[in-house]
Protein chains: 2
Amino acid sequence: MTKNIDDIKKIIRDVNDFPKPGIIFKDITPLLLDPEAFDAVVTMLAEPFKNSGITKVAGMESRGFIFGVPVAAKLNCGFIPVRKPGKLPAETISESFELEYGTDSLEIHKDAAAKGDKILIVDDLLATGGTAAATAKLITRTGATVEAMTFVIELEFLNGKAALSNYNIKSLIKF
Amino acid sequence: MTKNIDDIKKIIRDVNDFPKPGIIFKDITPLLLDPEAFDAVVTMLAEPFKNSGITKVAGMESRGFIFGVPVAAKLNCGFIPVRKPGKLPAETISESFELEYGTDSLEIHKDAAAKGDKILIVDDLLATGGTAAATAKLITRTGATVEAMTFVIELEFLNGKAALSNYNIKSLIKF
């Protein structure tokens, strides 16, 4: 029997005090060990975009690769890896974003997308929205359009949607 | 028409002087942008193991996630992310390995595999074999068996197979 959202929610594991004391981390690794549940999640992520004309999926290093690659396969389109600085070998473009302390940045290959591409951004988690906003800026700089962003988990109390108010956002599981 | 190995070989891009002068980097990102070619690669990686009783696929951060996750789906089994230190939230085990300068280490969740599991290790590239050997040690420490290792690309001149002589090794494309 196909698993539903409530089944999936039970498979995601709370890990206390990670990455630091007081934080409850939503651990998706048990989901990866359950092929039926994982396929259900990938299907639910892809389904709303079956007829949206998505040409490429972009996923952020590293857990965005885990969900983005199979979503791209379901939509029969290409996958753009969005990576930490210095990881992509050819010519890149880069965007910085704010962290709690300091800044970080993300890169894509300059030729990964172009005008006419309609991109779906996929990640495991919507928290403050910083990495998703930086990814959207990278995509836009290539001339492509960000069609939507979809997340397995949304931490609503962090209000990431406010940072992404220009975009069409979906998430499967809200905490 | 389904793409064959020669088609795939042409899609992989040489990037000169990355990550440092004199190195020719084999860039798999153009393959990710071609859904038909990517699916052909995933099918070729999985096919030899269809009847091997593989229970889980292990893939190394980050490009091993890109190929390992869809291979696990083809084999209808779970996926174990093998990660850099400090990334996995629950209890981990760790293995160090030698780099050209210094050492690095990899981790898996302690409960990701157990006695009775038959594991296929998947990565994009077999170079010196250091990360694959460390991954195999992690898997073995859980009580599980390493059934085989499979790679998209093997750099034969680096002789990684010598470091992995106890294992069943496959690779699709040899340079």
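Model, not experiment: these values are computed from the prediction.

Peer 1: Tell me about the confidence of the model for chain A, and please be specific about residues and values.
Peer 2: Should the pLDDT be low somewhere, the predicted coordinates at that spot are not to be read in detail. Looking at chain A as a whole, its pLDDT mean stands at 96, while 99% of the residues score no less than 70. Scoring of the predicted complex yields 0.97 for pTM and 0.96 for ipTM.

Peer 1: Quick rundown of helix 3 (residues 35-46) of chain B? Include the residues and the values.
Peer 2: When the terminal C-alpha atoms of helix 3 of chain B are compared, their 16 Å separation across twelve residues agrees well with the 16 Å that a helix rising 1.5 Å per residue should span. Where helix 3 of chain B is buried, its residues touch helix 4 (63-74) of chain A together with helix 1 (5-11), helix 2 (29-32), helix 4 (63-74), strand 8 (145-154) and strand 9 (169-174) of chain B.

Peer 1: Got a sec to walk through unusual backbone geometry? Specific residues and values, please.
Peer 2: Among all residues save glycine, negative phi is the norm, and among peptide bonds the norm is trans. All names here are of chain A. In this structure, the amide linkage connecting Glu-61 to the following residue, Ser-62, adopts the cis form with an omega of -5°. Note on placement: Ser-62 falls in the loop between strand 3 (56-60) and helix 4. One non-glycine residue with positive phi stands out, namely Asp-17, at about 65°. As for its placement among the helices and strands, Asp-17 is situated in the loop between strand 1 (13-16) and strand 2 (24-27). In this model, Asn-76 sits at a positive phi of 50°, which is unusual for a non-glycine residue. In this fold, Asn-76 is placed in the loop between helix 4 and strand 4 (78-82).

Peer 1: So what about helix 4 of chain B? Which residues, and what values?
Peer 2: Residue and element names in this part refer to chain B. For helix 4, built from twelve residues, the straight-helix expectation of 16 Å at 1.5 Å per residue is met to within 8% by its first-to-last C-alpha distance of 18 Å. Taken across its twelve residues, helix 4 has nine buried, putting it largely inside the fold. Considered for burial, the residues of helix 4 that qualify are Gly-64, Phe-65, Ile-66, Phe-67, Gly-68, Val-69, Pro-70, Val-71 and Ala-72. Asn-76 sits one or two positions beyond helix 4 and adopts a positive phi of about 50°.

Peer 1: Before we move on, could you go through the sheet that holds strand 9 of chain B and cite the residues and values that matter?
Peer 2: Residue and element names in this part refer to chain B. Strand order in the open sheet formed by five strands is 4-3-7-8-9, and the pairing between neighbours is parallel. At either end of the open sheet lies a strand with only one pairing partner, and these are strand 4 (78-82) and strand 9. Ignoring which end each strand starts from, the neighbouring axes of this sheet average 20° apart. Along the sheet, helix 5 (residues 130-141) contacts strand 3 (56-60), strand 4, strand 7 (118-126) and strand 8; its crossing angle with strand 8, the most-contacted strand, is approximately 160°.

Peer 1: How would you summarise the nonpolar core if you had to cite specific residues and measurements?
Peer 2: Ranked by size, the top nonpolar core spans 66 residues in total, and within it Val57(A), Phe67(A), Val57(B) and Phe67(B) carry the most contacts. What Val57(B) contacts, discounting residues up to four positions off in sequence, is Gly68(B), Val71(B), Ala72(B), Leu75(B), Cys77(B), Gly78(B), Phe79(B), Ile80(B), Leu120(B) and Val122(B).

Peer 1: Give me the packing of helix 4 of chain A against helix 4 of chain B: which residues, what numbers.
Peer 2: A pair of packed helices is captured by two measures, namely the crossing angle of their axes and the spacing between those axes. Interaxial distance between helix 4 of chain A and helix 4 of chain B falls to 9 Å at its minimum, and their mutual angle equals 55°. Looking at the two axes, helix 4 of chain A sits oblique to helix 4 of chain B. When the axes of helix 4 of chain A and helix 4 of chain B are compared, the crossing they make is right-handed. On helix 4 of chain B, the residues touching Phe65(A), Ile66(A), Val69(A) and Pro70(A) of helix 4 of chain A are Phe65(B), Ile66(B), Val69(B) and Pro70(B). A per-class count over the contact of helix 4 of chain A with helix 4 of chain B returns eight nonpolar, no polar and no charged.

Thresholds, definitions, all that
Residues numbered from 1 in each chain as written. Chains lettered and ligands numbered in written order. Predicted model: local features only at pLDDT ≥ 70, side-chain atom pairs only at ≥ 80, totals over all residues. Heavy atoms only, no water. pLDDT = per-residue confidence, 0-100. Helix = DSSP H or I, 4+ residues; strand = E, 2+ residues; numbered from the N terminus. Expected span 1.5 Å × (residues − 1). Contact = heavy atoms within 4.5 Å. Buried < 20%, exposed > 50% of the residue type's maximum accessible area, 1.4 Å probe, protein only. Pairing = 2+ DSSP bridges. Axes fitted to C-alpha atoms, helices over the stretch in contact; angles between N-to-C directions. Core = buried A, V, L, I, M, F, W, Y, C linked by side-chain atoms within 4.5 Å. Parallel < 35°, antiparallel > 145°, perpendicular 65-115°, else oblique. Left-handed = near helix turned anticlockwise from the far one by under 90°. Nonpolar A, V, L, I, M, F, W, Y, C, P; charged D, E, K, R; others polar.

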